[in-house]
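# Summary of the model geometry
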Amino acid sequence: MTEGLWVYLATSPLLWLVTTLVVWLVATAIAGLSPGNPLLNPIMLSIAVIAAILCIAGIDYDAYFKGAQFIHFLLGPATVALGIPLYEKLSLVKSNLVPMLCALVVGSLTAVGSTVFFAHLFGFAPDVVASLAPKSTTAAVAMAVSSGLNGDPALTAAVVVLTGICGAIVVTPMMNAMRIKDFSARGFAVGLASHGIGTARAYSVDPVAGLFSGIAMGFNAVLTSLIVHVFL
């Protein structure tokens, strides 16, 4: 009877919705024990725990996503909401427009160009190269670009998440080591390299950093989808 109950619950979208929320709350509480510790990033912790649960329980990702899709839907409104701080700090954004555009072009070219260069250097297949190239932009755009280049969107999604987590972990200690104290520059850099996950980290550090990270994420999504065709 217990086994039959588990089979029923495992296919219920509500189970995985609740599981995701509980795991996130626990991960956030753990991260709060050591504020600012990049190794206790709640996104990284949540992904690790959810992945372990699915592997141990033998649950297919599609079954899990039937519940998680309700949270996934909120990504759209959350992205649109980034426009609110942009409106509130519009004068600050305008005063930094030229350096932002320069950093955007250099950063986007470097992100795509270096990835393609090293992928070819290590002899990766063309479809793998296409899957890796848009890794520094947000998942939805990266997967669309990858698909259009005959890459593997699933591989792209995994690499995008890994890129975001790595960026969120190293950004604060790296910026501190480089003695970069301007939060607009810090935020723009992490948003350019680590998209949404980096932006979430930036907002947890400083509102201005989060604002510029969101701007970089949006601009880079547009520019990457254009320049990636230059390298492939």
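Residues numbered from 1 in each chain as written. Predicted model: local features only at pLDDT ≥ 70, side-chain atom pairs only at ≥ 80, totals over all residues. Heavy atoms only, no water.

### So, the nonpolar core
Quick note on the threshold: Definition used in this section: a nonpolar core is a set of buried Ala, Val, Leu, Ile, Met, Phe, Trp, Tyr and Cys residues joined via side-chain atoms within 4.5 Å. Three exposure classes are used, based on accessible area relative to the maximum for each residue type with a 1.4 Å probe and protein chains only: buried under 20%, partly exposed in between, and exposed over 50%. Comment: elements are numbered from the N terminus, with helices defined as DSSP H or I runs of at least four residues and strands as E runs of at least two. Contacts between residues were defined by any pair of non-hydrogen atoms, one from each residue, lying within 4.5 Å.
By size, the foremost hydrophobic cluster in this structure holds 20 residues, and its most contacted members are Val93, Met100, Val112, Phe188, Phe212, Ile215 and Val228. Those elements that provide at least two residues to this core are helix H8 (97–121), helix H9 (126–132), helix H12 (183–205) and helix H13 (207–231). If near-sequence neighbours (up to four positions away) are discounted, methionine 100 is found in contact with Val93, Phe188, Phe212 and Ile215. Counting residues in each nonpolar core, the second largest holds seven residues, with Trp16, Val23, Ile50 and Ala68 among its members.

### Brief notes about the side chain of serine 194
Structurally, the position occupied by serine 194 is in helix H12. Leave out the neighbours within four places in its chain, and serine 194 touches Thr163, Gly164, Gly167 and Ala168.

### Considerations on the packing of helix H11 (residues 153–177) against H12
To keep things clear, this is the line we draw: Axis angles are defined between N-to-C directions and span 0 to 180 degrees, where every axis is a line fitted to C-alpha atoms and, for a helix, only to the segment in contact. Any angle from 65 to 115 degrees is called roughly perpendicular, while one under 35 is roughly parallel, one over 145 is roughly antiparallel, and all others are oblique. Amino acids are sorted into nonpolar (Ala, Val, Leu, Ile, Met, Phe, Trp, Tyr, Cys and Pro), charged (Asp, Glu, Lys and Arg) and polar (every other residue, Gly among them).
Between H11 and H12, whose axes approach to 8 Å, the crossing angle comes to 80 degrees. Regarding the angle of H11 to H12, the classification is roughly perpendicular. Two secondary-structure elements touch here, H11 through Val160, Val161, Thr163, Gly164, Ile165, Gly167, Ala168, Val171, Thr172, Met175 and Asn176 and H12 through Arg186, Ala189, Val190, Ala193, Ser194, His195, Ile197, Gly198, Arg201 and Val205. Here the contact of H11 with H12 is built from residues that sort into 11 nonpolar, eight polar and two charged.

### Comments concerning a nonpolar patch on the surface
Rules: Patches here are clusters of residues that have more than 30% relative accessible area and form no salt bridge, with a 9 Å joining cutoff for like charges and a 5 Å cutoff for nonpolar side chains (Val, Leu, Ile, Met, Phe, Trp, Tyr). For the area figures, the Shrake-Rupley method with a 1.4 Å probe applies, and any residue is considered shielded solely by the protein chains shown. Salt bridges, as used here, are contacts in which a Lys or Arg side-chain nitrogen is within 4 Å of a carboxyl oxygen on Asp or Glu.
A contiguous nonpolar patch, built from Leu14, Val18, Val22, Val26, Ile30 and Leu33 and spanning about 550 Å² of accessible area, is present on the exposed surface. With respect to the element layout, leucine 33 can be found in the loop between helix H2 (13–32) and helix H3 (42–57).

### Description of the packing of aromatic side chains
Threshold: Between the rings of Phe, Tyr and Trp (Trp by its six-membered ring), a pair exists once the centres lie within 6.5 Å; its type follows the angle of the planes, with under 30 degrees stacked, over 60 edge-to-face, and the other angles tilted.
Tallied over the full model, the rule gives three aromatic pairs. Their ring planes at 70 degrees and their centres at 6.1 Å tell us that tryptophan 16 and tyrosine 64 sit as a pair that is edge-to-face. In this pair, tryptophan 16 is assigned in helix H2 and tyrosine 64 in helix H4 (residues 61–72), connecting sequence segments 48 residues apart. As far as burial versus exposure is concerned, tryptophan 16 and tyrosine 64 are alike and both buried.

### Describing H4
Residues spaced three or four apart along an α-helix point in a common direction, a consequence of the helix completing one turn every 3.6 residues. This is how the line gets drawn: Here, expected helix span is obtained from the residue count minus one, scaled by 1.5 Å. As used here, the arc belongs to the directions running from the helix axis to the C-beta atoms.
Taking 1.5 Å per residue, 12 residues should reach 16 Å; H4 reaches only 14 Å between its end C-alpha atoms and comes up short. For H4, every residue scored as buried is listed here: Tyr64, Gly67 and Ala68. One side of H4 holds all its buried residues, which, seen down the axis, span an arc of 90 degrees.

### A short note on the confidence of the model for the chain
Selection criterion: Per-residue confidence from the predictor is reported as pLDDT, which spans 0 to 100.
Taken as a whole, the chain shows an average pLDDT of 81; of its residues, 92% reach a score of 70 or greater. Within the chain, the lowest mean pLDDT, 51, falls on helix H1 (residues 2–10), and the highest, 88, falls on H8.

### As for the environment of leucine 14
Residue placement: leucine 14 occurs in helix H2. Residues leucine 14 and glycine 67 lie 53 residues apart in sequence; the distance between their C-alpha atoms is 5.7 Å.

### Some words on H8
Look at H8: 36 Å from first C-alpha to last across 25 residues, which is about the 36 Å you get at 1.5 Å a residue. Where H8 is buried, its residues meet helix H7 (90–95), H9, H12 and H13. The positive-phi residue at the C-terminal boundary of H8 is glycine 123, with phi of around 75 degrees.

### Describing the state of the cysteines
Threshold: We call a pair of cysteine sulfur atoms a disulfide when they lie within 2.5 Å.
On inspection of all chains with the given rule, the structure shows zero disulfides. The structure places no disulfide on cysteine 166, whose sulfur is separated from the nearest cysteine sulfur, that of cysteine 55, by 19 Å.

### Observations regarding the packing of helix H10 (residues 139–148) against H11
Stated precisely, the cut-off is as follows: Crossing handedness is read from the near helix: turned anticlockwise from the far helix by less than a right angle, it gives a left-handed crossing, and turned clockwise, a right-handed one.
The geometry of H10 relative to H11 is characterised by a closest axis approach of 9 Å and an angle of 145 degrees between their N-to-C directions. Note that H10 runs across H11; the crossing there is right-handed. Contacts between H10 and H11 pair Ala139, Ala142, Met143, Ser146 and Ser147 from the former with Pro153, Thr156, Ala157 and Val160 from the latter. Residues of the contact of H10 with H11, tallied by class, amount to six nonpolar, three polar and no charged.

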